[in-house]
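For reference, the chains in residue letters:
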Amino acid sequence: MSSYSKLITSIQESKTLAITSLIKKLRAEGQEILSFSAGEPDFNTPEYIKFAAISAINKNKTKYTPVQGTAELIESIIKKFKNENNLFFTNENILVSTGAKQSLFNVMMALCNPGDEVIFQAPYWVSYPEITKIAQAKPIVINTNTKSNFKINPEQLEKVITEKTKIFLFNSPSNPTGTVYSKSEIRELAEVLISKDIFILTDEIYEKIIFDGEEHFSFGSIDELRDRTITINGVSKAFAMTGWRIGYAGGNKGIIKLAKNLQSQSTSNASSISQAAATAALKGNGNEIKKMVEEFDLRRNYIVKELQSIENLTCPKPKGAFYTFFDVSRYYNKSYNNFIVSDSISFCNYLLNEASIGLVPGVAFGNDNCVRMSYAASMKNIKEGINRLKKSLLKLS
Ligand SMILES: Cc1ncc(COP(=O)(O)O)c(C=O)c1O
């Protein structure tokens, strides 16, 4: 048989999706696993959004739509960007895609040439390095740790910029760390970028899930960077709509045109029914989001207090998203029953076997000292999970 694509053979399966399917498999075999690996809200899509989708079906809105998205959805996105992000777009600046993941993919493909460099920080969302590689560019990773609350500073950014740098890829609030950059921190990073010929790709998918009065600030609203910032967002996280697959990009019309051409030759338009649902979501009054964020906040406070009380863990308090990301490396080289914990994967395997709880190894996000625990899980399961975690950690010596 002839050989497969070298490029695609080098791409790894999404490690978070792989963990979720392992947990599903163990459950199917009868094991009672408490999973804290979810990358999606555990809430249902609000009724008014579901109603809009049902009504779209009944009105036979079941045909192809323009590749770019329906006129109604594009109009709602333009309004959202203007009112909430201080970003001023017209139709040609917007592309609706099948999830924010596809939005990122399209834009990276539209911008990168072989040998270009894409800068982002670790811990990063699992897909960043792989999408960068598919776009034939090179990931340039700036490492961070708990000491800086998983944030980079302008000096670190400046240091890694070369003539090959094409994109600075930014994510706040962050998956996996929950870190939120303040307006002034973003402005400081922007100062480095203003004098350089680099695109900024900002992934704002967790924008609405933010705590402690923090305010989300969009990179693209900085005047000097407006023309070369592409803002990615979607409805998956804010509206508990992960399965509907709607994401969108807003930015320079030349880039959006290329991304649209690419999409026209791959998936065409995002689902017509999901687009009707997303339009309703964006037109809503935000009450459902508020309730969801309040519930996440209760869980976050509980979980962080408990994790911080465990002597050998270091857990910075996340300010956004629905994840805690904590350093477990002081357990490395400890063992129980001849099982040695030596890295984030063996740490998670230990907890899966010993406590039947599922966390995601930090190595999937580029940091092998940490693990990710999602609190998109019921308070009852979180309490039980934390008890099991504590008991199992006490056994390690
Ligand atoms: C940081 C980040 N960006 C983008 C996405 C993709 O979201 P979507 O479901 O819209 O493809 C995710 C999903 O987990 C994410 O965590």
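1. Examining the nonpolar core
At step 1: The biggest cluster of nonpolar side chains holds 101 residues, and the ones touching the most others in it are Leu169, Leu201, Phe239, Leu307, Phe326, Phe347 and Leu359.
At step 2: Sort the elements by how many residues they give to this core and helix H11 (residues 287–308) lands first, with 8 residues.
At step 3: Setting aside residues up to four positions removed in sequence, Phe347 forms contacts with Val328, Tyr331, Tyr332, Val341, Leu359, Val371 and Leu393.
At step 4: Judged by nonpolar contacts, the second largest core, of 20 residues, contains Phe170, Phe217, Phe219 and Ile222.

2. Thoughts on the pattern of salt bridges
At step 1: Using the criterion set out here, one finds 22 salt bridges in the structure.
At step 2: Two residues, Glu84 and Lys80, come together in a salt bridge whose shortest N-O distance is 2.9 Å. With a gap of 4 residues between them, Glu84 and Lys80 both fall in helix H4 (residues 71–85), about one helical turn apart.
At step 3: Since its relative accessible area comes to 39%, Glu84 is described here as partly exposed.
At step 4: The exposure class assigned to Lys80 is buried, which follows from its relative accessible area of 7%.
At step 5: The shortest N-O distance in the salt bridge between Lys80 and Glu207 comes to 3.0 Å. One end of the pair, Lys80, is in helix H4; the other, Glu207, is in the loop between strand S6 (199–203) and strand S7 (229–234), with 127 residues separating them in the sequence.
At step 6: Glu207 sits in the buried class, given a relative accessible area of 8%.
At step 7: Shared partners join several salt bridges into a network, and the residues in it are Lys80, Glu84, Glu207 and Lys208.

3. A short note on helix H9 (residues 253–264)
At step 1: In this model H9 runs 16 Å from its N-terminal to its C-terminal C-alpha over 12 residues, within 8% of the 16 Å that 1.5 Å per residue would give.
At step 2: All of the buried residues in H9 are Ile255, Ile256, Ala259 and Gln263. End-on, the buried residues of H9 take up no more than an arc of 95°, which puts them together on one face.
At step 3: In this fold, the buried residues of H9 make contact with strand S2 (94–97), helix H5 (100–111), S6, S7 and strand S8 (247–250).
At step 4: For H9, the N-terminal capping position is held by Asn252, with its side-chain oxygen 2.8 Å away from the main-chain nitrogen of Gly254.

4. A word on the packing of H5 against H9
At step 1: Direction vectors running N to C along H5 and H9 enclose 110°, while the axes themselves pass 8 Å from each other. Classed by the angle they form, the pair H5 and H9 counts as roughly perpendicular. As H5 runs across H9, the sense of the crossing is right-handed. Residue-level contacts link Gln102, Asn106, Val107, Met109, Ala110 and Leu111 of H5 to Ile255, Leu258, Ala259, Leu262 and Gln263 of H9.
At step 2: Split into classes, the residues belonging to the contact of H5 with H9 amount to 8 nonpolar, 3 polar and no charged.

5. Here's the deal with empty space enclosed by the protein
At step 1: Tallied over the full model, the rule gives 2 cavities of 30 Å³ or more.
At step 2: Approximately 100 Å³ is the volume attributed to the largest cavity.
At step 3: Around the largest cavity sit 14 residues that line it, and Gln121, Pro123, Leu169, Phe170 and Asn171 are the ones nearest its centre.
At step 4: Secondary-structure elements contributing two or more residues to the lining of the largest cavity are strand S3 (117–122) and strand S5 (165–171).
At step 5: Here the lining of the largest cavity takes 4 residues from S5, the largest share from any one element.
At step 6: Considered class by class, the residues forming the lining of the largest cavity number 10 nonpolar, 4 polar and no charged.
At step 7: One number sums up the size of the second largest cavity: a volume of about 60 Å³.

6. Brief notes about the pairing of strand S9 (residues 323–327)
At step 1: Here S9 lies mainly inside the structure; 5 of its 5 residues are buried.
At step 2: Of the two faces of S9, the one carrying Tyr323, Phe325 and Asp327 and the one carrying Thr324 and Phe326 are both buried.
At step 3: Examined bridge by bridge, S9 and strand S14 (residues 370–374) share 5 bridges and lie antiparallel to one another. Note on S14: the bridge partner recorded for Phe325 is Arg372.

7. Overview of H4
Note on helix geometry: an α-helix contains 3.6 residues per turn, so any two residues three or four positions apart are oriented the same way.
At step 1: Taking 1.5 Å of rise per residue, the 15 residues of H4 would be expected to cover 21 Å, and the 20 Å separating its terminal C-alpha atoms lies within 8% of that figure.
At step 2: All buried positions along H4 are accounted for by Leu73, Ile74, Ser76, Ile77, Ile78, Lys80, Phe81 and Asn85.
At step 3: In this fold, the buried residues of H4 make contact with S2, S7, S8 and helix H10 (272–283).
At step 4: One or two residues past the end of H4 sits Asn86, with phi positive at roughly 60°.

8. A closer look at the sheet that holds S6
At step 1: The mixed open sheet is built from 7 strands, whose spatial order is S2-S8-S7-S6-S5-S3-S4. Bordering the open sheet on either side are S2 and strand S4 (138–143), each of which pairs with just one other strand. This sheet shows a mean twist of 20° between the axes of neighbouring strands, independent of strand direction.
At step 2: Strand direction decides the pairing type here: S2 and S8, joined by 4 bridges, are antiparallel. The residue bridging Ile94 from the neighbouring strand is Gly250, located in S8.

Criteria and cut-off values
- Residues numbered from 1 in each chain as written.
- Predicted model: local features only at pLDDT ≥ 70, side-chain atom pairs only at ≥ 80, totals over all residues.
- Heavy atoms only, no water.
- Core = buried A, V, L, I, M, F, W, Y, C linked by side-chain atoms within 4.5 Å.
- Buried < 20%, exposed > 50% of the residue type's maximum accessible area, 1.4 Å probe, protein only.
- Helix = DSSP H or I, 4+ residues; strand = E, 2+ residues; numbered from the N terminus.
- Contact = heavy atoms within 4.5 Å.
- Salt bridge = Lys/Arg side-chain N within 4 Å of Asp/Glu carboxyl O.
- Expected span 1.5 Å × (residues − 1).
- Arc of directions from axis to C-beta.
- Polar contact = N/O pair within 3.5 Å; in protein donor to acceptor, adjacent residues only side chain to side chain.
- Axes fitted to C-alpha atoms, helices over the stretch in contact; angles between N-to-C directions.
- Parallel < 35°, antiparallel > 145°, perpendicular 65-115°, else oblique.
- Left-handed = near helix turned anticlockwise from the far one by under 90°.
- Nonpolar A, V, L, I, M, F, W, Y, C, P; charged D, E, K, R; others polar.
- 1 Å grid on protein atoms, 1.4 Å probe; cavity = no way out; pocket = protein on both sides within 12 Å on 5 of 7 lines; lining within 4 Å.
- Points joined across faces, edges and corners; volume = space filled by probe spheres on them.
- Pairing = 2+ DSSP bridges.

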